[in-house]
Amino acid sequence: MHPLSGVSSIPFMVLAHGGARSTYLAKLHQKHPVIRISPNTLSYGDVRAIKDIYGHNSPCTKDESYVVTSGSHFHLADVIDKHDHARKRKLLSSAYAIKNLEGWEHKVADKTVRLIKHFDTCCTAPLKPNTTPASEDLKVDYRAWTNFFTLDAIADIGLSERLGFLGQGHDRVTGRRLDGTTYECDFRPALYQNARKQSLLVWPYAWYPFINKVANIIPFYGRMGKLAVEWDGIPIELSHRRLQRYRAGEKLDDFFQALMEDKNGHPNNLEWGEIVAEVSIMMNAGSATTAIAMTNVLYQLLKNPAMMQKVVEELDAALEDDDDDEDESGVVSYDKVKHLPYMRACLDESLRLFPPTPHGLPRETPAGGLNILGDYIPGGVSVAMSAFVAHRQESIYPNADKFIPERFLGEEGKSLQPYFLAFSAGARGCIGRNISYLEQTVVLASVLRRYEFALKSKDWELERLETMNWLVGDMPVKVWRRERKSALSG
Ligand code: HEM
């Protein structure tokens with residue numbers, strides 16, 4: 001990657017500070033299938049490496065970066081030991097399973113009602129053809145509100161907790177220190193700046209615990225460090241509150257219950273630190289990525305009116321028989337839209353173009369080494385393939401920089417699945433993808449059924465910053481009620 005990458009992680013740290021490391025690597029990989037990004041880390045640019053690195057039969061494990069960024073206890077996403085991971089995954093698999101989605105749907109619907117309630121209050125007059133919205137009409141920050149949505153939703157699904165962000169229009173929460181005292185902070189800056197600091201400094205793994213502390217002397221990192229401490233207390237407080245309800249004998253249907261007891265009511269006897277760690281990853285992975293995905297897909301559809309028209313036509317055709325009563329709540333039921341091929345293709349194409357977790361998720365080769373792309377790689381080497389790099393391969397995805405949902409339709413679409421890395425792959429692939437599709441589909445269907453949206457202008461672009469996720473900036477939109485053709489003809 002850089003003449004010094006063979007001896008130091010500093011060039012990669014410098015690259016990380018630019019906030020677009022995967023984009024940079026994708027360019028380099030157009031010429032080089034394997035790139036040494038730091039002394040002990042290889043980045044792959046050939047999709048055939050996916051199976052070797054992430055496949056179900058891969059002997060690789062998550063690498064040291066997950067250990068140095070973990071808390072007092074591992075959670076499902078940062079645990080390395082395969083047996084410990086399998087134990088945790090088994091514990092939570094029923095809570096995340098497809099058959100349980102019905103159980104979570106009413107919670108998702110409840111949050112959608114609240115989202116719509118806010119959007120209704122922001123509605124303006126329809127946009128006149130060939131004009132741009134007046135700035136005072138850009139009343140909804142779609143980015144912030146979909147993030148309030150995913151946070152409220154996962155808190156309810158996971159902890160039966162009503163965070164109430166959608167009602168309040170802000171994300172103020174209570175955090176709890178280890179000494180039991182509490183404080184107020186904003187959820188999103190705490191979560192995102194914690195991840196940002198990690199993404200900037202973690203690369204020399206062995207040095208990270210030290211660098212992470214001393215960097216706080218510099219105000220730029222010090223501010224992030226302060227927010228990282230605020231973040232730590234949020235899952236502690238949420239877990240504490242939920243434990244009070246558990247102790248009071250409330251039987252609630254949520255992830256916390258699955259952590260405390262098995263299906264037969266036998267206690268799992270997990271350490272408190274492990275429970276807090278699981279609540280932490282649930283609130284983090286369960287909200288950030290889905291909110292980014294929701295913003296991205298609406299953005300893509302607004303930038304591509306022909307695709308917007310197609311997805312809206314498909315939606316209207318599927319809901320043709322519904323009378324206008326559905327408008328009272330505005331929530332479209334998942335059952336009616338979960339199999340709409342074009343809508344799903346739009347979601348997947350948007351996840352392909354801008355995967356919320358774009359970077360190469362590092363895996364360590366086993367002690368005896370491993371063949372990747374036919375080359376022997378010794379044990380203890382970190383290897384990775386970035387979702388962004390995989391998703392921009394012209395040989396797999398022609399016109400890879402364009403939004404073309406059609407590529408995900410039918411048999412051809414299915415054949416792309418081995419090269420679709422948005423949720424990673426294999427045993428460490430995302431456990432929350434079904435919940436994410438539930439949330440993304442219900443929200444997109446409900447808002448497209450009810451509203452039209454406009455960006456500030458045709459050329460307006462969403463800002464992006466790669467940290468541990470690919471964060472997006474604010475997305476102010478004008479929103480107005482959609483006049484439906486069926487409503488007109490009826
Ligand atoms: C568009 C939405 C989502 C995307 C793009 C996404 C992406 C990913 C990726 C790439 C991984 C692998 C991480 C790694 O190897 O370090 C992962 C793992 C994980 N995700 Fe998601 N995720 C999404 C939604 C969710 C949701 C909604 C939840 C929870 C409700 C969730 C919970 C998890 C957990 C717990 C893991 C760790 C799984 C394991 O190692 O067994 N994710 N996700």
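The structure displayed is predicted, hence computed values, not measured ones.

Details of the overall build of the protein
Logical step 1: If you tally the helices and strands in the protein, you get 22 helices and 14 strands.
Logical step 2: Its C-alpha radius of gyration of 23 Å places the protein within 12% of the 23 Å reference for a compact globule of 490 residues.
Logical step 3: On the principal axes, the C-alpha backbone points of the protein span a range of 70 × 60 × 45 Å.
Logical step 4: Within the span of the protein, comprising 490 residues, buried residues form 56% of the whole.

Things to note about the environment of Arg 433
Logical step 1: Tracing the sequence through the fold places Arg 433 in helix α21 (residues 433-450).
Logical step 2: Along the primary structure Arg 433 and Tyr 96 are separated by 337 residues, whereas in three dimensions their C-alpha atoms are 8.8 Å apart.

Quick notes on the packing of aromatic side chains
Logical step 1: On inspection of all chains with the given rule, the structure shows 21 aromatic pairs.
Logical step 2: Judged by centre distance (5.9 Å) and plane angle (35°), the ring pair of Phe 119 and Tyr 142 falls under tilted. With Phe 119 in helix α6 (residues 101-121) and Tyr 142 in helix α7 (residues 142-159), this residue pair connects regions lying 23 residues apart in the sequence.
Logical step 3: On the basis of relative accessibility, which here comes to 0%, the residue Phe 119 falls in the buried class.
Logical step 4: Ring centres 4.9 Å apart and planes at 75° place the aromatic pair Phe 220 and Tyr 221 in the edge-to-face group.

A few points about the pairing of strand β6 (residues 182-186)
Logical step 1: On β6, burial follows the alternation: Tyr 183 and Cys 185 on one face are buried, whereas Thr 182, Glu 184 and Asp 186 on the facing-out side are not.
Logical step 2: Turn length for the strand β5 (residues 172-176)-β6 hairpin, with the two strands adjacent in sequence and antiparallel, is 5 residues, and the turn residue Gly 180 shows positive phi of about 95°.

Focus: the sheet that holds strand β7 (residues 363-364)
Logical step 1: With respect to topology, 5 strands assemble into an open sheet ordered β1-β2-β10-β7-β3, the strand pairing being mixed. Since the sheet does not close on itself, it has two edges, and those belong to β1 (34-38) and β3 (61-62), each with one partner.
Logical step 2: Pairing geometry for β1 and strand β2 (residues 41-44), over 4 bridges, is antiparallel. Looking at β2, one finds that Val 34 is bridged to Tyr 44.
Logical step 3: Packing of helix α2 (residues 21-29) onto the sheet brings it into contact with β1 and β2, and relative to β1 it is tilted by some 140°.

Structural notes on the UniProt feature "binding site: heme" (unreviewed entry) in the protein
Logical step 1: The UniProt feature table records "binding site: heme" (unreviewed entry) at Cys 430.
Logical step 2: Note that Cys 430 resides in the loop between α20 (410-415) and α21.
Logical step 3: Once you skip the residues sitting within four places of it in the chain, Cys 430 turns out to touch Arg 89 and Phe 423.

Considering the site of the ligand
Logical step 1: Taken together, 28 residues are adjacent to the ligand, and Tyr 66, His 85, Arg 89, Arg 363 and Cys 430 come closest.
Logical step 2: One of the side-chain nitrogen or oxygen atoms of His 85 is found 2.6 Å away from an oxygen atom of the ligand.
Logical step 3: Take Arg 89: an N or O atom from its side chain is 2.6 Å from an oxygen atom of the ligand.
Logical step 4: Of all the elements in the fold, those that place two or more residues in the shell around the ligand are α5 (82-96), α14 (288-303) and α21.
Logical step 5: Per-class residue counts for the shell around the ligand are 14 nonpolar, 10 polar and 4 charged.

Topic: helix α1 (residues 10-17)
Logical step 1: Looking only at α1, the buried set comprises Pro 11, Phe 12, Met 13, Leu 15 and Ala 16.
Logical step 2: Where α1 is buried, its residues touch α2, β1 and α9 (187-201).
Logical step 3: Among the residues trailing α1, Gly 19 stands out with phi positive, at a value near 75°.

Concerning the packing of α9 against helix α11 (residues 219-247)
The description of two packed helices rests on the angle between their axes and on the distance between the axes.
Logical step 1: It is the contact of α9 with α11, at a shortest axis distance of 7 Å, that shows an interaxial angle of 125°. Looking at the two axes, α9 sits oblique to α11. α11 is crossed by α9, and the crossing has left-handed handedness. Mapping the contact onto sequence places Phe 187, Pro 189, Ala 190, Leu 191, Gln 193, Asn 194, Arg 196, Lys 197, Leu 200 and Leu 201 in α9 and Phe 220, Tyr 221, Met 224, Gly 225, Leu 227, Ala 228, Glu 230, Trp 231 and Ile 234 in α11.
Logical step 2: Each residue belonging to the contact of α9 with α11 can be placed in one class, and the counts come to 13 nonpolar, 3 polar and 3 charged.

Criteria and cut-off values
Residues numbered from 1 in each chain as written. Predicted model: local features only at pLDDT ≥ 70, side-chain atom pairs only at ≥ 80, totals over all residues. Heavy atoms only, no water. Helix = DSSP H or I, 4+ residues; strand = E, 2+ residues; numbered from the N terminus. Rg over C-alpha atoms; globule rule 2.2 N^0.38 Å. Buried < 20%, exposed > 50% of the residue type's maximum accessible area, 1.4 Å probe, protein only. Phe/Tyr/Trp six-rings, centres within 6.5 Å; stacked < 30°, edge-to-face > 60°. Pairing = 2+ DSSP bridges. Contact = heavy atoms within 4.5 Å. Axes fitted to C-alpha atoms, helices over the stretch in contact; angles between N-to-C directions. UniProt positions renumbered as here; feature names shortened; annotations may be inferred. Near = heavy atom within 4 Å. Polar contact = N/O pair within 3.5 Å; in protein donor to acceptor, adjacent residues only side chain to side chain. Nonpolar A, V, L, I, M, F, W, Y, C, P; charged D, E, K, R; others polar. Parallel < 35°, antiparallel > 145°, perpendicular 65-115°, else oblique. Left-handed = near helix turned anticlockwise from the far one by under 90°.

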